[in-house]
Amino acid sequence: MENEVVNTITQVTTGDLIWGNPFVDWVRAAIIFAVVILASGAIKFIAKTIYKKHFSEKDDEITFRSFLFSNIAKLNFLVAIFIALYPAIISLVMPPRVDRIAKYLFIIAAFGQILIWASNTLELYGKKYLQQHPDSATAMNVFSLMWKIAAYTIILLVMLDQLGFNINALIAGLGVGGIAVAFALQNVLGDVFGSLAIIFDKPFKVGDVIQIGTFIGRVEKVGLKTTRIRSQRGEQLVFSNNEILKSTIQNYGDLQERRVSMLLGVTYETPFEILKKVPEVVREAIFSRKNTSVDHITLKEFAESSINFEVWYYIRITEEQAWPEIEHEINLEIVRLFEKEGISFAYPTRTVYTKSL
């Protein structure tokens, strides 16, 4: 009995075939598979540990080492299985169909891993860019979408070519189909390119107060198709990107100084000597507040019921105090000084003379 068992083992290990291969070859294939899996797992673990220990997402710059370890740490376990399966199978004598399937799985897995690395690279550099340019979130979203579409398309075409497909006809079909889609989605594409124009040309950015026609508000979001603005009354205004670029945009976001104009009317009964003091009094009121300068204060016209002075002055924009508050305080100061100097504001009046018959 013992001799029969020994003979059976000897036949399996030396002469008998299992699915066309000796037992030793199957053991060798299993070892190859296990070594590739364990090696990829160990490499991933080491890279992940080093990256967490020595690098951070808050670092100012991306070095070659941080880029390398970040991508190695993104090795996918399922991808590693299919990649390890290929050298294990080709070490055996298998039917052509099995070898071909193993090759296809290897190609798909390899390109899948390339896509993972490409996405990780985009995310890695995108986060660093947003740390340095926090106002460019919309730009990154647009570039991320376009980059992914381009990268996925190219990698997919190369993968199909490696799998043996004729991609020339596919590329020609994509070209014709792309033209048809472009015509069908020309309005949507116009808005997408409008968002790119806003991103590159920067007529405004998120946080700016802008006016489009009769609408005024603060920009909340610049999307792929629309721009959202919060109006002064609180409601959200949604504009098409393409239509915005066709309109006249008044941007108050980069305003460094505000030019204020007013027309001050005093009564005709004001004495000449006091009338001469009006520009000095208004000038004193303007300079009573910081970050102001006077353009001109002149007697402009003799109106129907008032003598009108034209006043132009500037308020430099600061973070400490908004310009409407400064204008409000200057107006109050003008009222106080006019009262002090005995200057009367004019209002519409009409004198009627009657004649007795």
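Further up the page is the structure itself.
Residues numbered from 1 in each chain as written. Predicted model: local features only at pLDDT ≥ 70, side-chain atom pairs only at ≥ 80, totals over all residues. Heavy atoms only, no water.

Peer 1: Talk me through the nonpolar core; I want residue IDs and the actual numbers.
Peer 2: One finds L264, V282, I286, V311, Y313, I334 and F338 to be the most contacted residues of the largest nonpolar core, which totals 23 residues. At the level of secondary structure, the elements contributing two or more residues to this core comprise β8 (257-266), α10 (272-287), β9 (292-302), β10 (307-316) and α11 (323-341). When residues in this core are grouped by element, the largest group, six residues, is from α10. Counting residues in hydrophobic clusters, the runner-up holds 10 residues, among them I198, F204, I212 and I229. (Core = buried A, V, L, I, M, F, W, Y, C linked by side-chain atoms within 4.5 Å. Buried < 20%, exposed > 50% of the residue type's maximum accessible area, 1.4 Å probe, protein only. Helix = DSSP H or I, 4+ residues; strand = E, 2+ residues; numbered from the N terminus.)

Peer 1: Lay out the packing of α10 against α11 in plain terms, naming residues and giving numbers.
Peer 2: It is at 9 Å that the axes of α10 and α11 come closest, and there the two elements cross at 145 degrees. In the crossing of α10 with α11, the sense of the turn from one axis to the other is right-handed. Listed contacts from α11 to I274, K277, V278, V281, V282, E284, A285 and I286 of α10 are I330, E333, I334, L337, F338 and E341. Looking at the contact of α10 with α11 residue by residue, the class counts come to 10 nonpolar, no polar and four charged. (Axes fitted to C-alpha atoms, helices over the stretch in contact; angles between N-to-C directions. Left-handed = near helix turned anticlockwise from the far one by under 90°. Contact = heavy atoms within 4.5 Å. Nonpolar A, V, L, I, M, F, W, Y, C, P; charged D, E, K, R; others polar.)

Peer 1: Help me get a handle on the sheet that holds strand β6 (residues 236-240), residues and values and all.
Peer 2: Strand pairing in a sheet relies on backbone hydrogen bonds, with the paired strands running either antiparallel or parallel. Taken together, the five strands give an open sheet; going across it, the order is β6-β5-β4-β3-β7, and neighbouring strands pair in antiparallel fashion. Every other strand in the sheet has two partners, leaving β6 and β7 (249-251) as the edge strands with one partner each. Strand-to-strand, the axes of this sheet are offset by a mean angle of 40 degrees, without reference to chain direction. Note: strand β3 (residues 209-212) against β7, three bridges, orientation antiparallel. Bridged to Q211 within β7 is Q250. (Pairing = 2+ DSSP bridges.)

Such coordinate-based values are descriptive only and should not be taken to indicate function.
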